[in-house]
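An overview of the molecular structure
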Amino acid sequence: MSNKTKRIVILNEVELKQTLLRLTSEIIEKVKKTLHNVNMASKMYFQSKGEITFDIELLENSGQLGIDSSIKEMWTFTSDANGSLFTAVSTDAFPEGSGIKIFYNPQNRKYLIQ
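Calculation criteria
Residues numbered from 1 in each chain as written. Predicted model: local features only at pLDDT ≥ 70, side-chain atom pairs only at ≥ 80, totals over all residues. Heavy atoms only, no water. Pairing = 2+ DSSP bridges. Helix = DSSP H or I, 4+ residues; strand = E, 2+ residues; numbered from the N terminus. Buried < 20%, exposed > 50% of the residue type's maximum accessible area, 1.4 Å probe, protein only. Polar contact = N/O pair within 3.5 Å; in protein donor to acceptor, adjacent residues only side chain to side chain. Core = buried A, V, L, I, M, F, W, Y, C linked by side-chain atoms within 4.5 Å. Contact = heavy atoms within 4.5 Å. Axes fitted to C-alpha atoms, helices over the stretch in contact; angles between N-to-C directions. Salt bridge = Lys/Arg side-chain N within 4 Å of Asp/Glu carboxyl O.

**A few points about the pairing of strand β1 (residues 75–79)**
The sheet contact formed by β1 and strand β2 (residues 86–90) spans five bridges and is antiparallel. In the strand pairing of β2, Ser79 is matched with Phe86.

**A closer look at the pairing of strand β4 (residues 110–113)**
It is a general feature of regular strands that their side chains alternate between the two faces of the sheet. With four bridges connecting them, strand β3 (residues 101–105) and β4 associate as antiparallel partners. Residue pairing for β4: Tyr104 is matched across the bridge by Tyr111. Counting the residues in the hairpin turn of β3 and β4 gives four residues, including Arg109, whose phi is positive at 60°.

**Overview of the environment of Asp92**
Locating Asp92 in the fold gives a position in the loop between β2 and β3. On the basis of relative accessibility, which here comes to 68%, the residue Asp92 falls in the exposed class. A sequence separation of 19 residues divides Asp92 from Glu73, and the C-alpha atoms of the two residues are 9.0 Å apart. At a separation of 3.1 Å, a polar atom in the side chain of Asp92 contacts the side chain of Ser98.

**A few points about the nonpolar core**
Ranked by size, the top nonpolar core spans 21 residues in total, and within it Val31, Leu35, Ile71, Trp75 and Phe77 carry the most contacts. Broken down by secondary-structure element, the contributors of at least two residues to this core are α1 (3–49), α2 (56–61), α3 (69–74), β1, β2 and β3. At seven residues, the largest contribution of residues to this core is made by α1. Ignoring anything within four residues of it in the chain, the contact list for Phe77 reads Val31, Thr34, Leu35, Ile56, Ile67, Ile71, Thr87 and Ala88.

**Observations regarding the sheet that holds β1**
Strand order in the open sheet made by the four strands is β1-β2-β3-β4, with antiparallel pairing throughout. The open sheet is flanked by β1 and β4, the only strands paired with a single partner. Averaged over all pairs of adjacent strands, the angle between strand axes in this sheet comes to 15°, irrespective of strand direction. Across four bridges, the pairing between β2 and β3 is antiparallel. In the sheet register, Phe86 faces β3, and the bridge partner there is Tyr104.

**Details of unusual backbone geometry**
Generally, phi is negative for residues other than glycine and the peptide bonds are trans, each holding for most cases. In this structure, Arg109 is a non-glycine residue whose phi angle is positive, near 60°. By secondary structure assignment, the location of Arg109 is in the loop between β3 and β4.

**Focus on the pattern of salt bridges**
This model, assessed by the stated rule, comprises two salt bridges. Glu29 serves as the salt-bridge partner of Lys32, at 3.4 Å between the closest nitrogen and oxygen. Taken together, the positions of Lys32 and Glu29, both in helix α1 and three residues apart, correspond to about one turn of that helix. Of the charged contacts in the structure, one is a salt bridge between Glu60 and Lys72, with a shortest N-O distance of 3.1 Å. Taken together, the residues span a long stretch of sequence, with Glu60 in helix α2 and Lys72 in helix α3 at a distance of twelve residues. The class for Glu60 is partly exposed, based on a relative accessible area of 21%.

What follows is the structure in structure tokens.
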């Protein structure tokens, strides 16, 4: 294998890593938007039903919340009982692997990624 061929392979690996990083960033932004949307969906549910809920499955089934199926495949979403903290945890389907957590605090509108 010539040096020129090796250089092309290295450049392709770098491009692949850059593409993966860009894809990962886009996915994380979608997850953050989904966490924000859970909070908004709970407010809409309260306005239409007169009940407070932070149950993500109930919000989806009621039509107040839609989560992209590809995001649901890569992440699980939960909320505490008071709606003061929303959490997404990555699954094995996420390119960077499972166990990555994104927290959203609706009171201060801040995210924390661990």
